[in-house]
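# Topology and contacts: notes
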Amino acid sequence: MEQLLDAAVIGGGPAGLNAALVLGRARKNVIVIDEGLPRNRVTHESHGFLTRDGIKPDEFRRIAVEQIGAYPSVRFASDIAVETTGTDGDFRIMTKRGDDYRAKKLLFAVGKKDRLPEIDGLTDVYGKSAFVCPYCDGWELRDRPLAVIAKGERAFHFAKTILGWSDRIALCTDGPDELTDGQREELRVRGIPLFDAPIRRIVSEHGMVSRVELEDGASVSCTGIFFAPTLLPGSDLPRSLGCELTPTGSVAVTDALGKSSVPGVYVAGDIATELNQLIQAAAMGAMAGAGINAELLAEAWEARGRAMSS
Ligand SMILES: Cc1cc2nc3c(=O)[nH]c(=O)nc-3n(C[C@H](O)[C@H](O)[C@H](O)COP(=O)(O)OP(=O)(O)OC[C@H]3O[C@@H](n4cnc5c(N)ncnc54)[C@H](O)[C@@H]3O)c2cc1C
């Protein structure tokens, strides 16, 4: 077993990496354990992060790791944390490769995973011409004919939002629409076609969608898709360690720095928010890094006082 580190960061997306940067600059001994499957890995470009608009996800990570490399107290492990035990001051992290780390504080920056609707052809276009977030990819699909694939309240909200980027949208609910009569009427009045037959398949070439075919024989021509995936926690470890969850499955935080309900355990990024954006994740990581450092400094202050007065 290893020395007792100051902090273990599980997850090396923007949240975990920004926490590691702050902790490294604060001279803390840190291990970043990362499986390397960030949520946006299917895309060619990331958008909306000031100074990084249009950057490839791999390049974003490469620059981050290079910059963190200037702080020698931060180490990286390409591995999967499979079990976390212990309490504040001495957590233990076991990995898939069989390594065993000990750390005073723990940060879960494990992100979320998208479960895609089971639609034939969707994985071919995901990240190329089908996306989940108009703030991330709406500009690239502006003014195009778009299919919006979702049901119920989410479909209604999505349709209203995506109109900000293109007014050539059709709503495909892939079976019963789960809308209210009022919502159907609002869509009708605004000229938004509604297709509630099950989707047979998405037709594309080299990842670029050309139409959505429905089981009733209808076909929706489009050159882009927005769809609503189901979001799942990136890892079950926070829940296993006793962290309280919100009704949507995120880990609940008790302050602005990302403290969870378990002492010594912090969370940052998508796992702890519904505002799933790179810059939000990075900011939460930076705050969690500062929170962890503040706790470590307070504990060191107390220990120093005890040592000096004994
Ligand atoms: C298709 C798509 C496109 C997007 N485009 C944009 C965009 O253009 N702009 C934008 O701002 N946002 C975009 N987003 C959202 C953005 O990807 C997320 O908000 C962001 O990645 C969240 O960062 P994070 O650090 O919380 O999690 P992630 O980036 O998902 O990183 C989590 C990391 O933790 C690792 N991990 C999980 N469990 C373990 C474990 N047990 N052990 C070790 N490692 C583990 C994962 O493998 C992963 O590397 C997009 C999302 C999607 C799905």
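Residues numbered from 1 in each chain as written. Predicted model: local features only at pLDDT ≥ 70, side-chain atom pairs only at ≥ 80, totals over all residues. Heavy atoms only, no water.

## Considering the site of the ligand
Here is the rule: Throughout this document, a residue counts as near a molecule or strand when at least one of its heavy atoms sits within 4 Å of that molecule or strand. Contacts described as polar in this section are N or O atom pairs within 3.5 Å, which, within protein, must combine one atom able to donate a hydrogen with one able to accept it, while residues neighboring in sequence count only if both atoms come from side chains. Helix and strand assignments follow DSSP, with helices taken as H or I runs no shorter than four residues and strands as E runs no shorter than two, numbered in order from the N terminus. Side-chain classes are defined by residue name, with Ala, Val, Leu, Ile, Met, Phe, Trp, Tyr, Cys and Pro counting as nonpolar, Asp, Glu, Lys and Arg as charged, and the others, Gly among them, as polar.
In the region of the ligand, 38 residues are neighbours, and Asp34, Leu37, His47, Asp270 and Leu278 sit closest. The contact in question runs from a nitrogen atom of the ligand to an N or O atom on the backbone of glutamate 35, over 3.0 Å. Here an oxygen atom of the ligand sits 2.8 Å away from a polar atom, N or O, in the main chain of leucine 278. For the shell around the ligand, the secondary structure elements donating two or more residues are α1 (14-25), β2 (30-34), α4 (134-137) and α8 (278-309). For the shell around the ligand, the residue count by class is 17 nonpolar, 14 polar and seven charged.

## Quick look at the packing of helix α5 (residues 152-162) against helix α6 (residues 181-189)
What counts here: Under this scheme, a helix contributes an axis fitted over its contacting stretch, all axes are lines through C-alpha atoms, and angles between N-to-C directions fall in the 0 to 180 degree range. Note that the term roughly parallel is reserved for angles under 35 degrees, roughly antiparallel for angles over 145, roughly perpendicular for angles of 65 to 115, and oblique for everything else. Two helices cross in a left-handed way if the nearer one is turned anticlockwise from the farther one by less than a right angle. They cross in a right-handed way if the turn is clockwise. In what follows, a contact means two residues having at least one pair of non-hydrogen atoms within 4.5 Å.
Two elements in contact, α5 and α6, have axes separated by 11 Å at closest approach and are oriented at 25°. By the angle between their axes, α5 is roughly parallel relative to α6. As for how α5 packs across α6, the hand of that crossing is left-handed. Here Glu153, Phe156 and Ala159 of α5 come into contact with α6, specifically with Gln183, Glu186 and Leu187. In terms of residue class, the contact of α5 with α6 is built from three nonpolar, one polar and two charged.

## What about the nonpolar core?
What counts, and what does not: Nonpolar cores are built from buried Ala, Val, Leu, Ile, Met, Phe, Trp, Tyr and Cys residues. Side-chain atoms within 4.5 Å join them into one set. Burial classes follow relative accessibility: with a 1.4 Å probe on protein chains only, a residue under 20% of its type's maximum area counts as buried, one over 50% as exposed, and anything between as partly exposed.
Among the nonpolar cores identified, the biggest contains 44 residues, and Ile10, Ile93, Leu106, Leu107, Phe108 and Val265 are the most heavily contacted of them. For isoleucine 93, the contacting residues outside a window of four places in its chain are Ala8, Ile10, Ile33, Ala81, Glu83, Thr84, Asp99, Asp100, Tyr101, Ala103 and Leu106.

## Comments concerning the domain arrangement of the protein chain
When the parts of a complex come together, some accessible area is lost, and that lost area is often taken as the interface size. Cut-off, in case you're wondering: Domain start and stop points were drawn from an automatic or database domain assignment. Accessible area that two parts lose when put together, evaluated with a 1.4 Å probe and summed over both, is termed the buried area. The salt bridge definition used is simple: a Lys or Arg side-chain nitrogen within 4 Å of an Asp or Glu carboxyl oxygen.
Domain annotation of the protein chain identifies domain 1 (4-114 + 230-309) and domain 2 (117-227). Between the C-alpha centres of domain 1 and domain 2 there is a distance of 35 Å. Each partner contributes to the roughly 730 Å² buried at the junction of domain 1 and domain 2, and carbon and sulfur atoms together form 50% of this total. Per-residue buried area on domain 1 facing domain 2 is highest for Val42, His47 and Gln277; these three make up 54% of the total on that side. Linking domain 1 with domain 2 are zero salt bridges, by the criterion used here. Taken together, the connections running from domain 1 to domain 2 amount to three residue pairs in polar contact (both at pLDDT 80 or more). A class-by-class count of the residues in the side of domain 1 that touches domain 2 yields one nonpolar, four polar and three charged.

## Observations regarding the pattern of salt bridges
Side chains that differ in sign of charge can pair as their charged atoms come close. Overall, the coordinates contain 20 salt bridges when judged by the stated rule. The partner of lysine 105 in a salt bridge is glutamate 295, with the nearest N and O atoms 2.7 Å apart. Note that lysine 105 is positioned in strand β6 (residues 100-108) and glutamate 295 in helix α8, a separation of 190 residues in sequence. Taking the relative accessible area as the measure of exposure, lysine 105 reaches 0% and is therefore buried. The exposure class of glutamate 295 is buried, given its relative accessible area of 15%. Between glutamate 299 and lysine 105 there is a salt bridge, with its nearest N and O atoms 2.6 Å apart. Taken together, the residues glutamate 299 in helix α8 and lysine 105 in strand β6 connect sequence positions 194 residues apart. Several salt bridges share partner residues, and in doing so they unite Asp88, Lys105, Lys259, Glu295 and Glu299 into one network.

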